[in-house]
Amino acid sequence: QVQLAESGGGLVQAGGSLRLSCAASASGSIFSINAMGWYRQAPGKQRELVAVITSGGSTNYADSVKGRFTISRDNAKNTVYLQMNSLKPEDTAVYYCAAEGARESRWSYPRDYWGQGTQVTVSS
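Small disclaimer: the values here were computed from a predicted structure and weren't measured.

Visitor: Tell me what's going on with the overall build of the protein, and back it up with residues and numbers.
Guide: A count of helices and strands for the protein gives 0 helices and 11 strands. Mapped in sequence order, the helices and strands of the protein form the string β-β-β-β-β-β-β-β-β-β-β. The 124 residues of the protein split such that 42% are buried. In the protein, 56% of the contacts between residues at least 6 apart in sequence involve partners at least 24 apart.

Visitor: So what's going on with the pairing of strand 9 (residues 93-103)? Residues and values would help.
Guide: Remark: a regular strand shows side chains that alternate across the two faces of the sheet. Counted residue by residue, strand 9 has 8 buried out of 11 residues, so it is predominantly covered. With 9 bridges connecting them, strand 4 (residues 32-41) and strand 9 associate as antiparallel partners. Directly across from Trp38, in strand 9, lies its bridge partner Cys97. Relative to strand 11 (residues 118-123), strand 9 is paired through 3 bridges, and the arrangement is antiparallel. Looking at the pairing, Tyr95 lines up with Thr118 of strand 11.

Visitor: Now, about the nonpolar core: what can you tell me, with residues and values included?
Guide: Trp38, Leu82, Met84 and Tyr95 are the most contacted members of the largest nonpolar core, which totals 33 residues. At the level of secondary structure, the elements contributing two or more residues to this core comprise strand 1 (2-7), strand 3 (18-26), strand 4, strand 5 (48-54), strand 7 (69-74), strand 8 (79-84), strand 9 and strand 11. Contact partners of Met84, with chain neighbours within four places excluded, come to Gly16, Ser17, Leu18, Leu20, Arg68, Phe69, Tyr95 and Val120.

Visitor: Let's hear about the state of the cysteines: which residues, and what values?
Guide: Under the defined criterion, the tally for this structure stands at 1 disulfide. With a sulfur-sulfur separation of 2.0 Å, Cys22 is cross-linked through a disulfide to Cys97. Between Cys22 and Cys97, the disulfide has an S-S torsion of -80° and is therefore left-handed. Remark: Cys97 occurs in strand 9 and Cys22 occurs in strand 3; sequence separation between them is 75 residues. There is no split in this pair, since Cys22 and Cys97 are both buried.

Cut-offs and rules
Residues numbered from 1 in each chain as written. Predicted model: local features only at pLDDT ≥ 70, side-chain atom pairs only at ≥ 80, totals over all residues. Heavy atoms only, no water. Helix = DSSP H or I, 4+ residues; strand = E, 2+ residues; numbered from the N terminus. Buried < 20%, exposed > 50% of the residue type's maximum accessible area, 1.4 Å probe, protein only. Contact = heavy atoms within 4.5 Å. Pairing = 2+ DSSP bridges. Core = buried A, V, L, I, M, F, W, Y, C linked by side-chain atoms within 4.5 Å. Disulfide = S-S within 2.5 Å.

Purely geometric numbers; function is a separate question.
What follows is the structure, given as structure tokens:
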């Protein structure tokens, strides 16, 4: 079982910045994680992809955050970061970390895991 611990959410004024972190851990070790990413869900809306990064460093961003958000990853620490700049009120949401295709050993079946979520609120 892989656990994801998110941190870095909070309240910020429009135009400000926040950095989210998400560290993956397991009772033993983690053999590999295919991709790590961030999703968000605003009240009354469906959860949507914000950004994802593969173990090889390939990234994909939602159009709404391109040029403002940057995702990065430390494979040795199984940690993913989301640097959010030029924040807008419409970025307000609960941000969820995801680990996709995680395996605790080379013989484990890859599974997806989710964090508990961290609130990001951008005031106008």
